[in-house]
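Descriptive analysis of the structure
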Amino acid sequence: MKTVITYGTYDMLHYGHIRLLERAKKLGDYLIVGVTSEDFDRSRGKINVQQSLMERVEALNATGLADQIIIEEYTGQKIDDIRRYNVDIFAIGSDWEGKFDYLKEFCDVVYLERTQGISSTDLRAKNQGIRLGIVGSGKPTVVAKYINECSYINGLVISGIFTDGEDIKLLDASQENVASGGAESVNSHSKTLKKSDLPVKNSYRELLEDCSAVYIASYPSEHFEQIKYALEQGKHVLCESPLALSKKEVEDLFELAAKKELVLVEAIKTAYSMAYDRLLLLIKSGMIGDVLSIESTCTSLAEMQNENILKGWNSINTWGPTALLPVFQILGTDYIDCRIVTKLTDPNHNVDAYTKVSFIYKRSTADIKVGLGMKSEGDLIISGTKGYIYVPAPWWKTDYFEVRFEHSENNKRYFYQLDGEGIRFELVDFVKLINTGYSNNYISHKTSAEIANILNIHHDKRRAILLG
Ligand code: C2G
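Conventions adopted
Residues numbered from 1 in each chain as written. Predicted model: local features only at pLDDT ≥ 70, side-chain atom pairs only at ≥ 80, totals over all residues. Heavy atoms only, no water. Helix = DSSP H or I, 4+ residues; strand = E, 2+ residues; numbered from the N terminus. Rg over C-alpha atoms; globule rule 2.2 N^0.38 Å. Buried < 20%, exposed > 50% of the residue type's maximum accessible area, 1.4 Å probe, protein only. Near = heavy atom within 4 Å. Polar contact = N/O pair within 3.5 Å; in protein donor to acceptor, adjacent residues only side chain to side chain. Areas by Shrake-Rupley, 256 points an atom, 1.4 Å probe, with all protein chains shown as cover. Pairing = 2+ DSSP bridges. Contact = heavy atoms within 4.5 Å. Axes fitted to C-alpha atoms, helices over the stretch in contact; angles between N-to-C directions. Core = buried A, V, L, I, M, F, W, Y, C linked by side-chain atoms within 4.5 Å. Domains from an automatic or database assignment. Salt bridge = Lys/Arg side-chain N within 4 Å of Asp/Glu carboxyl O.

Observations concerning the overall build of the protein chain
Helices and strands together make up the secondary structure of the protein chain, namely 15 helices and 19 strands. The C-alpha radius of gyration computed for the protein chain amounts to 25 Å, which stays within 12% of the reference 23 Å derived for 468 residues, consistent with globular compactness. Projected onto the principal axes, the alpha-carbon positions of the protein chain cover approximately 80 × 60 × 40 Å. Looking at the protein chain as a whole, 54% of its 468 residues are labelled buried.

Now the structure itself:
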């Protein structure tokens with residue numbers, strides 16, 4: 001009996017896949033098909049996959065072409081599989097010509113001609129077709145990163161940009177476009193964007209006329225009105241945190257979005273880092289026991305007279321949302337008490353060099369420290385009854401963390417590739433949410449509203465303790 005093996009993602013299974021499978025099957029008597037897991041695809045740079053692993057496996061199963069379906073989870077697994085299943089022939093499409101010659105040591109390798117004119121990429125692009133308008137100059141470097149990251153997302157085009165006249169410093173895109181993975185990594189579809197490629201719009205209204213979604217990175221005081229207006233115009237919204245300056249405003253915005261059946265997402269890129277996501281799951285699974293304390297610190301030194309800071313991007317607004325994220329996602333928002341201590345350098349503009357927020361929950365405590373006028377170790381420590389998680393600085397761009405126990409021989413280390421600081425996956429998730437109503441890394445409405453609440457308390461100086 002001749003055993004044939006082939007691999008693929010099989011997203012939105014189409015005629016090209018079926019033809020490949022039919023021909024692979026004819027090469028022998030028994031066909032094994034390896035379907036890539038979500039993690040494996042992500043690690044090889046394939047980030048736009050629309051269907052879940054189960055959906056893809058079910059569609060493949062329904063064709064009746066595979067005698068056996070296995071899941072491909074790691075680089076090098078093909079060699080393992082070929083040995084384990086006594087494979088005679090490895091077959092793959094000609095788009096991989098030459099890439100799998102290293103398997104010739106273990107079995108025959110056959111490249112089958114790829115079917116022209118159809119691909120999952122085209123199908124996805126047809127499905128999506130989102131035109132994203134960009135608003136704001138409040139965070140030029142962040143905006144530049146989003147512009148760069150948009151080029152990785154199939155079916156998402158930037159329709160225009162509206163700023164209040166400030167220059168957008170585009171990053172040198174080539175510097176960022178480092179393809180991940182080795183020989184099996186998927187070619188990135190990145191198109192380097194030049195400033196001249198971006199249509200500049202003269203008003204927010206004009207920008208909204210020509211887009212289906214907006215990304216807002218203006219100033220916190222502008223967010224509420226801009227989001228409200230975009231939703232009223234029927235546009236989906238991705239907005240830098242905070243969404244608004246009070247809990248009530250955030251709740252109103254979510255209500256409006258729901259009424260209009262539109263997507264409203266708060267942009268906190270750390271939520272989309274795989275390491276951070278895994279860390280949350282480990283905690284939920286009870287690995288460190290009950291969480292008793294969270295300490296999260298985010299600082300970056302800046303010139304305190306900087307116009308962006310004076311106009312609203314003070315320390316608590318810049319770093320608060322990120323620092324608060326693990327607190328609310330792990331302990332929830334029902335704390336008993338919250339103390340805010342802040343050192344203001346310019347009370348008129350509410351500019352804080354340093355702010356500390358301490359929470360008391362029924363069974364635990366949490367402390368965040370943020371600062372643009374203070375430098376500290378930007379790590380995250382989550383302490384539990386059995387052990388603790390340590391995420392080294394800068395924890396908000398984390399690709400690595402450790403779970404530490406009393407006896408260090410039990411410690412565990414975790415590493416997950418982070419591309420584009422999380423922004424890439426945030427955009428993928430935003431697009432997915434618009435197209436399917438399903439999201440992977442959900443920042444709950446309660447978390448978003450509570451973040452705004454804390455910033456609001458800081459703003460209302462009567463409720464914060466001021467350092468001299
Ligand atoms: N294919 C084809 N014709 C097309 C599209 C795809 O023959 N028009 C083939 C591909 O060449 C591949 C298979 O269908 O052999 C599955 O394609 P994808 O789902 O795109 O998976 P891919 O990224 O090629 O993954 O490590 C290698 C991978 O597992 C293969």
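Here the narrative resumes, following the displayed structure.
So, the site of the ligand
Around the ligand, a shell composed of 22 residues is seen, among which Lys46, Lys78, Asp95, Trp96 and Ile118 lie nearest. Taking Arg44, its side chain carries an N or O atom lying 3.1 Å from an oxygen atom of the ligand. One of the side-chain nitrogen or oxygen atoms of Glu72 is found 3.3 Å away from an oxygen atom of the ligand. For the ligand, whose unbound accessible area comes to 630 Å², protein coverage reaches 96%. Within the residue set of the shell around the ligand, elements represented by two or more residues are β1 (3-8), α1 (15-26) and β4 (89-93).

Thoughts on the sheet that holds strand β19 (residues 465-466)
Taken together, the nine strands give an open sheet; going across it, the order is β18-β17-β16-β15-β11-β14-β13-β12-β19, and neighbouring strands pair in mixed fashion. Of all the strands in the sheet, just β18 (412-415) and β19 have a single pairing partner and so form its edges. As defined by bridge partners, strand β17 (residues 400-404) adjoins β18 across four bridges and the pair is classed as antiparallel. In the sheet register, Glu402 faces β18, and the bridge partner there is Arg413. The strands touched by helix α11 (residues 274-284) are β11 (291-299), β15 (380-384), β16 (388-391), β17 and β18; relative to β17, the strand with the most contacts, the crossing angle is about 20 degrees. Strands β12 (337-346) and β13 (351-360) of the sheet are contacted by helix α15 (residues 445-459), whose axis makes an angle of about 55 degrees with β12.

As for the nonpolar core
Within the largest apolar cluster, 82 residues are counted, with the highest numbers of intra-cluster contacts made by Tyr215, Phe328, Phe359, Ile382, Ile389, Phe401 and Ile454. For this core, the two domains that each supply at least three residues are domain 2 (122-269) and domain 3 (271-466). Excluding its chain neighbours within four sequence positions, the residues that come into contact with Phe328 are Thr333, Tyr335, Phe359, Tyr361, Thr447, Glu450, Ile451 and Ile454. Residues Cys211, Ile216, Ile227 and Ala452 belong to the second largest nonpolar core, which totals 25 residues.

What about the pattern of salt bridges?
Scanning the model with the defined rule gives 20 salt bridges in all. A salt bridge links Lys397 to Glu421, with the nearest nitrogen and oxygen atoms 4.0 Å apart. Here Lys397 is found in the loop between β16 and β17, whereas its partner Glu421 is found in the loop between β18 and α14 (423-436), with 24 residues between them in sequence. Overall, the relative accessible area of 18% leaves Glu421 in the buried class. One network of salt bridges, in which partners are shared, links Lys145, Lys269, Lys397 and Glu421.

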